[in-house]
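Letter by letter, the chains look like this.
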Amino acid sequence: MISRFWQKTSCAILGGVIAVALSTIAWTAEARNRLETFSFDVTQNRIEFATLEGVEPTGQVIADPMRIVIDLPGAIYEGKTVRRNIGRAVQAVRVGRVNEETTRLVVEFAPNFPLETDRLRLQARSPRHWSIQLPESVAAANIQSTAFVWPLVGTLTAGFGWRIHPITNQRRLHKGIDIAAPIGTPILAVADGTVVAAGWDDGYGNFVELQHADGNRTLYAHAHRLLVQKGMTVRQKQAIAEVGSTGRSTGSHLHFEVLVAGTNPADPMAFLPQRYVLFDVAAR
Ligand SMILES: [Zn+2]
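Parameters at a glance
- Residues numbered from 1 in each chain as written.
- Predicted model: local features only at pLDDT ≥ 70, side-chain atom pairs only at ≥ 80, totals over all residues.
- Heavy atoms only, no water.
- Helix = DSSP H or I, 4+ residues; strand = E, 2+ residues; numbered from the N terminus.
- Buried < 20%, exposed > 50% of the residue type's maximum accessible area, 1.4 Å probe, protein only.
- Donors = N, O, S within 2.8 Å, 3.2 Å for Na, K, Ca; no water.
- Contact = heavy atoms within 4.5 Å.
- Polar contact = N/O pair within 3.5 Å; in protein donor to acceptor, adjacent residues only side chain to side chain.
- Pairing = 2+ DSSP bridges.
- Phe/Tyr/Trp six-rings, centres within 6.5 Å; stacked < 30°, edge-to-face > 60°.
- Axes fitted to C-alpha atoms, helices over the stretch in contact; angles between N-to-C directions.

S.K.: Just checking my understanding: could you explain unusual backbone geometry for this structure?
M.R.: Comment: phi is negative for the bulk of residues other than glycine, and the bulk of peptide bonds are trans. Cis geometry marks the peptide bond from Asp64 to Pro65; its omega dihedral reads -5°. Residue placement: Pro65 occurs in the loop between β5 (58-62) and β6 (67-73). Within the chain, Asn169 stands out as a residue other than glycine whose phi angle is a positive 60°. Considering the arrangement of structural elements, one finds Asn169 in the loop between β14 (161-164) and β15 (171-174). Of note in the backbone geometry, Lys237 takes a positive phi value of approximately 75° without being a glycine. Within the secondary structure, Lys237 is located in the loop between β21 (233-234) and β22 (239-243). You can call Lys237 exposed: its relative accessible area is 53%.

Dropping the structure here:
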């Protein structure tokens, strides 16, 4: 079942105002309906959400700043408002509520972003599963959303933050993210830079540290083999090492750190282009 009912109802000073009219989808007021999943796939340029029961979303586009607001009447959301930063064109996506009966999803665009509102499509795959395809112009603008590229394609196995170390059993800050990949997979420089360290550390194993023009540094650890030496200049996407499991490591993976101003570890996910943003709302 596909419904395409983004209809232009008025064109005020603000820009486009769009209403969604959905008559074919039944919604039962008695049901204790709630939002189950909400995600934004940056590569597919698509927003998806699902509710426990069928829902009739209402949507509008509001200018200044440009945003898409989708309300889910009858669907409860009991958590706090959650906002996730995305990139340049779509700056953030958030989930919250209007009141106790209505969940609200908001897609925030960059100020003055020329959103082609007549090309928006709100589609129902089922009465409870919906998606919105954003125009291709959004994806084009999002591509250069961050200065970094991903150092490799792999499976994210550990995030940034405090944890019990799998080998030492000590509680300590995991200063980067872990991306699992086969031994020998090329590790790419996330941005142009200079090699300030390339060598061995008992913890990091074979590692490379790059200095970037903005003052930040990036670190790549547990490499099987290094492909650069201290003092070299590297270009973004240049292979600087190969994935391995050297140092204190339990399997073949890249440990990747971002050191703000060269010293303060920060969550690399905030610097890497986001490919998929999932709001875990069902557990609330
Ligand atoms: Zn790690």
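S.K.: I would appreciate a short explanation of the coordination of the zinc ion in the present structure.
M.R.: Tetrahedral coordination by four donors places them ideally at 109.5 degrees to one another around the metal; octahedral coordination by six donors ideally gives 90 or 180 degrees. Around the zinc ion, the protein contributes the donor atoms His174 (NE2), Asp178 (OD) and His255 (ND1), at 2.0 to 2.1 Å from the metal centre. Here the donor residues for the zinc ion map to a single chain with the spacing H-x3-D-x76-H. With His174 in strand β15 and His255 in strand β23 (residues 253-260), the pair connects residues that are 81 residues apart, well separated along the chain. With respect to class, His174 is no different from His255; both count as buried.

S.K.: How should the environment of Asn216 be read in this particular structure?
M.R.: Looking at the element boundaries, Asn216 is found in the loop between β19 (205-211) and β20 (217-226). Accessibility expressed as a relative area gives 10% for Asn216, which makes it buried. Distance in space between the C-alpha atoms of Asn216 and Pro265 is 9.8 Å, their sequence separation being 49 residues. Beyond its immediate stretch of four places on either side in the chain, Asn216 contacts Leu210, Gln211, Leu259, Val260, Ala261, Gly262 and Phe271. For Asn216, the side chain forms a polar contact with the main-chain nitrogen of Ala261, separated by 3.0 Å.

S.K.: For this particular structure, what's the right way to read the pairing of strand β9 (residues 90-99)?
M.R.: Taken residue by residue, a regular strand's side chains alternate between the two faces of the sheet. Two strands pair when backbone bridges link them, and strand β8 (residues 82-85) and β9 are joined in this way by 4 bridges, in the antiparallel orientation. Pairing of Asn85 across the sheet is with Ala92, part of β9. The turn linking β8 back onto β9 is made up of 4 residues. In the sheet, β9 pairs with strand β10 (residues 102-109) via 8 bridges, with the strands oriented antiparallel. Bridge pairing links Val90 to Phe109 in β10. The hairpin turn running from β9 into β10, its antiparallel successor, is 2 residues long.

S.K.: For this particular structure, what's the right way to read the packing of aromatic side chains?
M.R.: The geometry of an aromatic ring pair comes down to the distance between the two centres and the angle between the two planes. All told, the structure shown has 4 aromatic pairs when counted by the stated rule. Ring centres 5.7 Å apart and planes at 15° place the aromatic pair Phe109 and Phe113 in the stacked group. The exposure classification of Phe109 matches that of Phe113, with both residues buried. Each ring, one from Tyr204 and one from Phe207, has its centre 5.8 Å from the other, and the planes form 45°; the classification is tilted. Look at Tyr204 and you get buried, because its relative accessible area is 18%. Owing to a relative accessible area of 13%, Phe207 belongs among the buried residues under this scheme.

S.K.: I would appreciate a short explanation of the sheet that holds β6 in the present structure.
M.R.: Sheets are built from strands paired through backbone hydrogen bonds, the pairs being either parallel or antiparallel. The strand order β5-β6-β10-β9-β8 describes an open sheet built from 5 strands, whose pairing is antiparallel. If you trace the sheet from one side to the other, it starts and ends with β5 and β8, each paired once. Here the strands of the sheet are splayed against their neighbours by 15° on average, with no regard to which way each runs. Here β5 runs beside β6; their pairing, made up of 5 bridges, is antiparallel. Looking at β6, one finds that Val61 is bridged to Ile68.

S.K.: Quick question: what am I supposed to make of the environment of Gln211 here?
M.R.: Examined against the element boundaries, Gln211 turns out to sit in strand β19. The spacing of Gln211 and Asp192 is 19 residues in sequence and 8.5 Å in space, taken between C-alpha atoms. Those residues in contact with Gln211 that sit more than four places away from it in its chain are Asp192, Gly193, Thr194, Val196, Asn216 and Arg217. Here Gly215 takes part through its backbone oxygen, which lies 3.3 Å from a polar atom of the side chain of Gln211. For Gln211, the side chain forms a polar contact with the side chain of Arg217, separated by 2.6 Å.

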